[in-house]
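These are the residues of each chain, in order.
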Amino acid sequence: MASSAHRIPSAAVAASGLVGGYGVARWTKKRPLGGAVLAVAGAAAAQQWRRRAGGPAAGALTAAYVAAFAGSHPLAKKVGAWPAVFGVAGAVALASWAVADRRG
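Conventions adopted
Residues numbered from 1 in each chain as written. Predicted model: local features only at pLDDT ≥ 70, side-chain atom pairs only at ≥ 80, totals over all residues. Heavy atoms only, no water. Axes fitted to C-alpha atoms, helices over the stretch in contact; angles between N-to-C directions. Helix = DSSP H or I, 4+ residues; strand = E, 2+ residues; numbered from the N terminus. Parallel < 35°, antiparallel > 145°, perpendicular 65-115°, else oblique. Left-handed = near helix turned anticlockwise from the far one by under 90°. Contact = heavy atoms within 4.5 Å. Nonpolar A, V, L, I, M, F, W, Y, C, P; charged D, E, K, R; others polar. Salt bridge = Lys/Arg side-chain N within 4 Å of Asp/Glu carboxyl O.

In this section: the packing of helix α2 (residues 10-28) against helix α5 (residues 81-101). Two elements in contact, α2 and α5, have axes separated by 6 Å at closest approach and are oriented at 160°. One finds that α2 runs roughly antiparallel with respect to α5. Handedness of the crossing formed by α2 with α5: right-handed. Here α2 contributes Ser10, Ala11, Ala14, Ala15, Leu18, Val19, Tyr22, Gly23, Arg26 and Trp27 to the contact with α5, which in turn contributes Ala81, Trp82, Val85, Phe86, Val88, Ala89, Val92, Ala93, Ser96, Trp97, Ala100 and Asp101. Residue composition of the contact of α2 with α5, by class: 17 nonpolar, three polar and two charged.

Moving on, we get to the pattern of salt bridges. According to the stated counting rule, one finds one salt bridge in the structure shown. A salt bridge links Arg52 to Asp101; the nearest nitrogen and oxygen atoms lie 2.7 Å apart. Placement of Arg52 in helix α3 (residues 31-53) and of Asp101 in helix α5 is noted, with a sequence separation of 49 residues between them.

Axes are the key here: two packed helices are described by the angle between their axes and the distance separating the axes. Two numbers describe how α3 lies on helix α4 (residues 55-79): the axes approach to 8 Å, and their chain directions differ by 155°. Overall, the two elements α3 and α4 adopt an arrangement that is roughly antiparallel. Crossing hand, α3 versus α4: right-handed. On α4, the residues that touch Arg31, Leu38, Ala41, Gly42, Ala46, Trp49, Arg50 and Ala53 of α3 are Gly55, Ala57, Ala58, Leu61, Thr62, Tyr65, Phe69 and His73. Its residues assigned to classes, the contact of α3 with α4 comprises ten nonpolar, four polar and two charged.

Here it is, written out as C-alpha cells:
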C-alpha cells in the first residue's frame, strides 16, 4: 500500500513549497525558516517527479521550481508579492501536473 505522501500530487507539493515558504518567511520575519520550507517541499517534489517521470523530467522540473523562486522576486516588484508567488506557484504546479501527475 502506498503511503499517503505518495498520493499527494507533486503539483500540490511544489506549489505549497513556494507559497508556504514565502508565507513562513513573511509571517515569522525569518527568511531562513521560509527557505527551509521551500527546500523541504522542493526535495519532496523532486523525489516524486523522479519516481513518476524519470530523472531528466525531474531535473527540468527542479530547475523550473528554482527558477520560479528566483523569478518571483523581480515579478513581485511589478505585480506585488502575493500575486507573484501565486503566479509562479501556479506555473510550477501546471508543469508538474503535465509532466508527472497526469500519468498517475
